[in-house]
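Below are the chains, spelled out letter by letter.
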Amino acid sequence: MPDGTLSKCTVKLYEDINRVGKLNDDGTLTIDENKLLWWARGIINNDLKAAACPAFSKEGYEAIRWLI
């Protein structure tokens, strides 16, 4: 995003879950690991439906809650 926000998906462009991090002024990244895990849950759990389109998977955050 123009303000340095790191977004994961254009479908959920303005939703909070989409904001997974920030590009800082010094060039470093700050990543919200919980949100990134939400997007990666299909890969982590070997769930092809969630991996195909995490934005519309019905499992949501609870699928990876045990990792946190």
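Please refer to the structure placed before this passage.
On a predicted model such as this, the values are computed, not experimentally measured, just so you know.

The rules we used
Residues numbered from 1 in each chain as written. Predicted model: local features only at pLDDT ≥ 70, side-chain atom pairs only at ≥ 80, totals over all residues. Heavy atoms only, no water. Pairing = 2+ DSSP bridges. Helix = DSSP H or I, 4+ residues; strand = E, 2+ residues; numbered from the N terminus. Contact = heavy atoms within 4.5 Å.

## Looking at the pairing of strand β2 (residues 19–23)
Move 1: Across three bridges, strand β1 (residues 5–7) lies against β2 in antiparallel orientation. By the bridge assignment for β2, Ser-7 is matched with Arg-19.
Move 2: Sheet topology places β2 next to strand β3 (residues 29–31); three bridges connect them, and they run antiparallel. Bridging across to β3, Lys-22 finds its partner in Thr-30.

## A short note on the side chain of Lys-12
Move 1: Relative to the helices and strands, Lys-12 is located in the loop between β1 and β2.
Move 2: Those residues in contact with Lys-12, other than ones at most four positions away along the chain, are Ile-17, Asn-18, Trp-38, Trp-39 and Ala-55.

Read these as layout, nothing more, since geometry by itself doesn't imply function.
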